[in-house]
Amino acid sequence: MANVSLRGIEKSYGAFKVVRRMDLEIHDGEFLVLVGPSGCGKSTTLRMIAGLEDINQGQMLIGEKVVNGLPAKDRDIAMVFQNYALYPHMDVFQNMAFGLELRKFPKAEIKSRVEDAAKILSLGDLLKRRPKELSGGQRQRVALGRAIVRQPKVFLFDEPLSNLDAQLRVQMRAEISRLHAQLKTTMVYVTHDQVEAMTMGTRIVVMKGGDVQQVGAPLELYTKPANRFVAGFIGTPQMNFLEAAIEGSAEAPVLVAETLRLPLEGKSAAALAGLEEKRCTLGIRPSDLHVVGTPGAGSINFDAGVDMVEILGAVQIAHIRVGGQTMRAELPMRVPCKPGETIRLAAEPEAFHIFNATSGVAVA
Ligand code: ADP
Ligand code: MG
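The rules we used
Residues numbered from 1 in each chain as written. Chains lettered and ligands numbered in written order. Predicted model: local features only at pLDDT ≥ 70, side-chain atom pairs only at ≥ 80, totals over all residues. Heavy atoms only, no water. Helix = DSSP H or I, 4+ residues; strand = E, 2+ residues; numbered from the N terminus. Buried < 20%, exposed > 50% of the residue type's maximum accessible area, 1.4 Å probe, protein only. Contact = heavy atoms within 4.5 Å. Near = heavy atom within 4 Å. Polar contact = N/O pair within 3.5 Å; in protein donor to acceptor, adjacent residues only side chain to side chain. Areas by Shrake-Rupley, 256 points an atom, 1.4 Å probe, with all protein chains shown as cover. Nonpolar A, V, L, I, M, F, W, Y, C, P; charged D, E, K, R; others polar. Axes fitted to C-alpha atoms, helices over the stretch in contact; angles between N-to-C directions. Left-handed = near helix turned anticlockwise from the far one by under 90°. Pairing = 2+ DSSP bridges. Domains from an automatic or database assignment. Buried area = accessible area lost by both parts, 1.4 Å probe. Salt bridge = Lys/Arg side-chain N within 4 Å of Asp/Glu carboxyl O. Phe/Tyr/Trp six-rings, centres within 6.5 Å; stacked < 30°, edge-to-face > 60°. Lys NZ or Arg CZ within 6 Å of the ring centre and 35° of its normal.

Draft legend 1. Seen up close, the overall build of the chain. For the chain, the count of helices and strands is nine helices and 20 strands. The dimensions of the chain, computed from C-alpha atoms along their principal axes, are 80 × 45 × 35 Å. Counting every position in the chain, which comprises 364 residues, the buried fraction comes to 49%. The long-range fraction of contacts in the chain, counting pairs at least 24 apart against all pairs at least 6 apart in sequence, stands at 65%.

Below you can see the structure in the form of structure tokens.
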């Protein structure tokens, strides 16, 4: 068990900065998820923690010890990849035991560790099988087992579920969360999938283009996104964004986006002063929109034209037009909502997020 500290970590490939001045304290025993779009530097960050990638600048500490110069094999970490790379000619037991044999562990110790890991992962009946005789989920569990037997200080996962089908991914997600609850070892988990991040992380780090955008607990990122990027990345269907302008008097400013009018008297003058040229971006989640007269409807009302409706079973996603801009609303199935119709939508004033139109930074 150990904490991991990244202090001013930088990484470039030639002139191309892949990770920029990254500061991050990963607490002992936490499940930290690095999430962001493809190419934002997640794997590079993980590989620097693992010691598989040189660090250009800054300090990397594992358990208070600077490890910048320490080879991967001496860092006491175990990594699980998307491509689980099992040895095809070895059975499950041998695959899990191999790393310990290389490190010259006593036979009895290896046997007991592999059997313990097999029990945790329900692989006990499969120890004699070869990888080709296993399902995708079972193979991924063997890859997990190979990491568990090492009893590392830190587990690193790089998109370990990306090769599995959707149903299995949901199941393995729960298994890895259960594993963390049981082992209580520090885990750093990389994914591009915000649902994985939300459901598994104790804390989430959202990255974009080599920069950390926000660090926080899943609900914190969902309810208080620091900027437009995080707001759009976390949550599905995605948050709606509308271009808006501030109108009205200084005493009673109103945010206007097409036919939608949001009074701003609650907002501090300082926050509003941060908005350039009286323009801003208004954000609202599809699930915070309701049809007037239904439960949850709030005091902000506006008309919307329905373009298209996606029926998901429990809910329907209405693709709507508000003036010249488009949004989506997640509505209960029983609400009448047909393409070509106009519906009157409502939301609570608190459900709206306001972002600086230029920088994207959230206005408090
Ligand atoms: P992620 O895991 O978030 O998808 P990576 O950390 O793998 O992203 O990569 C970040 C950026 O660095 C990408 O633009 C990628 O193309 C680039 N990159 C990764 N590895 C190398 C390398 N060995 N040489 C040059 N560029 C690389
Ligand atoms: Mg990657």
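Draft legend 2. Region of the structure containing the site of ligand 1. Neighbouring ligand 1 are the residues Y13, F16, V18, P37, S38, G39, C40, G41, K42, S43 and T44. Between ligand 1 and Y13 there is a distance of 3.5 Å, counted from a nitrogen atom to a side-chain nitrogen or oxygen. G41 places a main-chain nitrogen or oxygen 3.0 Å from an oxygen atom of ligand 1. In isolation ligand 1 offers 560 Å² of accessible surface; the protein chains occlude 59% of this area. Elements supplying a minimum of two residues to the shell around ligand 1: β2 (16-26) and α1 (42-50). Ranked by the residues each element gives to the shell around ligand 1, the list is headed by α1, at three residues. Within the shell around ligand 1, the residues separate by chemical class into five nonpolar, five polar and one charged.

Draft legend 3. Fine view of the packing of helix α2 (residues 92-102) against helix α4 (residues 136-148). The N-to-C vectors of α2 and α4 enclose an angle of 30°; their axes lie 8 Å apart at closest approach. For the element pair α2 and α4, the recorded crossing hand is right-handed. Each of V92, N95 and M96 in α2 lies in contact with α4, whose residues at this interface are V142, G145 and R146. Considered class by class, the residues forming the contact of α2 with α4 number three nonpolar, two polar and one charged.

Draft legend 4. Representation of the sheet that holds strand β13 (residues 260-263) within the structure. If you trace the five strands from one edge of the open sheet to the other, you get β13-β12-β11-β14-β20, paired in antiparallel fashion. Looking at the sheet topology across the chains shown, the edges are occupied by β13 and β20 (353-356). On average, each strand axis in the sheet is inclined to that of its neighbour by 35°, with strand direction left out of account. Relative to strand β14 (residues 279-284), strand β11 (residues 240-248) runs antiparallel, the two being bridged by six bridges. Opposite E243, over in β14, you have T281 as the bridge partner.

Draft legend 5. Fine view of the domain arrangement of the chain. Domains assigned within the chain are domain 1 (4-233) and domain 2 (240-356). Between domain 1 and domain 2, the C-alpha centre-to-centre distance is 39 Å. Domain 1 puts eight residues into the contact, and the matching count from domain 2 is six residues. Counting the surface lost from both domain 1 and domain 2, the interface buries some 620 Å², and carbon and sulfur atoms represent 59% of this. Applying the counting criterion to the domain 1 and domain 2 interface returns zero salt bridges. The tally of links between domain 1 and domain 2 comes to one residue pair in polar contact (both at pLDDT 80 or more). Those elements that provide at least two residues to the side of domain 1 that touches domain 2 are α7 (218-223) and α8 (228-233). In terms of residue class, the side of domain 1 that touches domain 2 is made up of four nonpolar, three polar and one charged.

Draft legend 6. Looking closely at the packing of aromatic side chains. One pass over the full model with this rule turns up six aromatic pairs. Ring geometry for F155 and F157: centres 6.2 Å apart, planes at 15°, overall stacked. By relative accessible area, which is 2% here, F155 ends up buried. Note on F229 and F233: the rings are 5.6 Å apart at their centroids and 20° apart in plane angle, and the pair reads as stacked. Of the two residues, F229 and F233 are both situated in helix α8; the distance of four residues between them amounts to about one turn of the helix. An aromatic cluster is built from F31, F155, F157 and Y189, whose rings are joined through pairwise contacts. Over the face of the ring belonging to F241 we find R228, whose NZ or CZ atom lies 4.3 Å from the ring centre.

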